[in-house]
Amino acid sequence: MSTSRQYELIYIVSPDASEQEIADLHAQVEAIIARIGGELVKSENWGRRKMAYEIGPHKEGNYVLELINGTGELMKELERRLRVSEKILRYLVVRVDEELRAAERTRSRRKVRTGPPAGEGDRGGLDSDSGDDRYESEA
Amino acid sequence: MADERRGGGARGGRGGARGAKEEKGPGQRRSLFRRRKVCKFCAEKIDYIDYKDVRMLMPFVPDRGKILPRRISGVCAPHQRALQTAIKRARQLALVPYTAD
């Protein structure tokens, strides 16, 4: 019914959570994906890092990134669970498939156009030629 | 009153002169070293501005925490738009500050 898309889920686990708790949360995410149907493409634990601002009393957080193929319903359920969990300071779900596809498209388009060595001119239809030339001579 | 008019005329004249010069070609004469700015993302052929890549975003978030306007950074409009969403996402995750503390 609903189409599968690619999402990026990042959540910040409280710094007082133990390694075990972080692993448990990850296992929970995996379990939800398995239950509702979806695929965990990549999982990355960034470990503990300083945050740019305090969230509540915390200055640091454990960042975990999950790249997921799944439906909107799956992400809805994941979000609900993350919201409930007390150890999660914050989470963010971003749909990435379209953005990555767009990036891929521009990349391949550039490859096709082998001619001009001037990379800067590629996209800037607005840029005047003389300006670009000048930059190249400087660089 | 006469003074005022003369001042206005002078200003207009200067502005007109500048415009004319730009039409001829950028920075040929006494342009005070206004270097041509080139979009960093176009130059380095970065297609996807990743909100997770703090090292890439930070140059566009000065100490104050605001997003650097493209009139300063020289980033092209499509990339500035992408950069803007990337920074806003990074802010939500406390990777990039909202404000200076």
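Described below are features of the structure shown in this document.

Cut-offs applied
Residues numbered from 1 in each chain as written. Chains lettered and ligands numbered in written order. Predicted model: local features only at pLDDT ≥ 70, side-chain atom pairs only at ≥ 80, totals over all residues. Heavy atoms only, no water. Helix = DSSP H or I, 4+ residues; strand = E, 2+ residues; numbered from the N terminus. Buried < 20%, exposed > 50% of the residue type's maximum accessible area, 1.4 Å probe, protein only. Contact = heavy atoms within 4.5 Å. Areas by Shrake-Rupley, 256 points an atom, 1.4 Å probe, with all protein chains shown as cover. Pairing = 2+ DSSP bridges. Axes fitted to C-alpha atoms, helices over the stretch in contact; angles between N-to-C directions. Parallel < 35°, antiparallel > 145°, perpendicular 65-115°, else oblique. Left-handed = near helix turned anticlockwise from the far one by under 90°. Phe/Tyr/Trp six-rings, centres within 6.5 Å; stacked < 30°, edge-to-face > 60°. Lys NZ or Arg CZ within 6 Å of the ring centre and 35° of its normal. Expected span 1.5 Å × (residues − 1). Arc of directions from axis to C-beta.

## A few points about the overall build of chain B
Across its full length, chain B carries five helices and zero strands. For chain B, the sequential pattern of α-helices and β-strands runs α-α-α-α-α. Taking all 101 residues of chain B together, 37% fall into the buried category. By sequence separation, contacts in chain B at least 24 residues apart represent 54% of the contacts at least 6 residues apart. When the accessible surface of chain B is totalled, it reaches about 7,000 Å², and 51% of it is carbon and sulfur.

## Re the pairing of strand S1 (residues 5-13) of chain A
Residues and elements named next belong to chain A. Within S1, eight of the nine residues are buried, which leaves the element mostly enclosed by the surrounding structure. Looking at chain direction, S1 and strand S3 (residues 58-70) are connected through nine bridges and run antiparallel. Looking at the pairing, Tyr7 lines up with Ile68 of S3. Strand direction decides the pairing type here: S1 and strand S4 (residues 88-95), joined by seven bridges, are antiparallel. Among the inter-strand pairings, Glu8 is bridged to a residue of S4, identified as Val94.

## Here we look at the side chain of Thr71 of chain A
All names here are of chain A. With respect to the helices and strands, the residue Thr71 is situated in the loop between S3 and helix H2 (72-84). A residue is classified by how much of its surface remains accessible, and Thr71, at 17% relative accessible area, is buried. Other than its neighbours up to four places away in sequence, Thr71 contacts Ser2, Thr3 and Tyr7.

## Comments concerning the packing of helix H1 (residues 19-36) of chain A against H2 of chain A
Residue and element names in this part refer to chain A. At a minimum axis distance of 10 Å, the contact between H1 and H2 shows a crossing angle of 150°. Relative to H2, the element H1 lies roughly antiparallel. When the axes of H1 and H2 are compared, the crossing they make is right-handed. Here H1 contributes Gln28, Val29, Ile32, Ile33, Arg35 and Ile36 to the contact with H2, which in turn contributes Leu74, Glu77, Leu78 and Arg81.

## Looking at the packing of aromatic side chains
Two measures describe an aromatic ring pair: the distance that separates the ring centres and the angle between the ring planes. Applying the stated criterion across every chain, the model contains three aromatic pairs over all chains. Seen from the ring of Tyr63 of chain A, Arg49 of chain A lies directly overhead, with NZ or CZ sitting 5.6 Å from the centre. Directly above the aromatic system of Tyr51 of chain B lies the positively charged group of Lys52 of chain B, at a separation of 5.0 Å from the ring centroid.

## Some points on H2 of chain A
Residues and elements named next belong to chain A. Here H2 is 13 residues long and its end C-alpha atoms lie 18 Å apart, about the 18 Å a rise of 1.5 Å per residue gives. By the burial criterion, the buried members of H2 are Leu74, Met75, Glu77, Leu78 and Leu82. Angularly, the buried residues of H2 cover 160° about the axis, an arc narrow enough to put them on a single face. The exposed residues of H2 that point more than 90 degrees off its buried face are Lys76, Arg83 and Val84.

## Some details on H1 of chain A
Residue and element names in this part refer to chain A. Under the 1.5 Å per step criterion, the end-to-end length of H1 is 26 Å for 18 residues, consistent within 8% with the ideal 26 Å. Those residues of H1 not exposed but buried are Ile22, Leu25, Val29, Ile32 and Ile33. Projection of H1 onto a plane perpendicular to its axis shows the buried side chains occupying an angular sector of 100°, all on one side. Turned more than 90 degrees off the buried face of H1, the exposed positions are Glu19, Ala34 and Arg35. Contacts from the buried residues of H1 go to S1, strand S2 (38-55), S3, H2 and S4. Directly beyond the C-terminal end of H1, a positive phi value near 105° is found at Gly37.

## Some remarks on the sheet that holds S3 of chain A
All names here are of chain A. Strand order across the open sheet formed by four strands is S2-S3-S1-S4, with antiparallel pairing between neighbours. The open sheet has two edge strands with one neighbour each: S2 and S4. Mean inter-strand twist for the sheet, computed between neighbouring axes without regard to direction, equals 20°. With respect to the sheet, H1 is in contact with S1, S2, S3 and S4, its orientation differing from that of S2 by roughly 140°.

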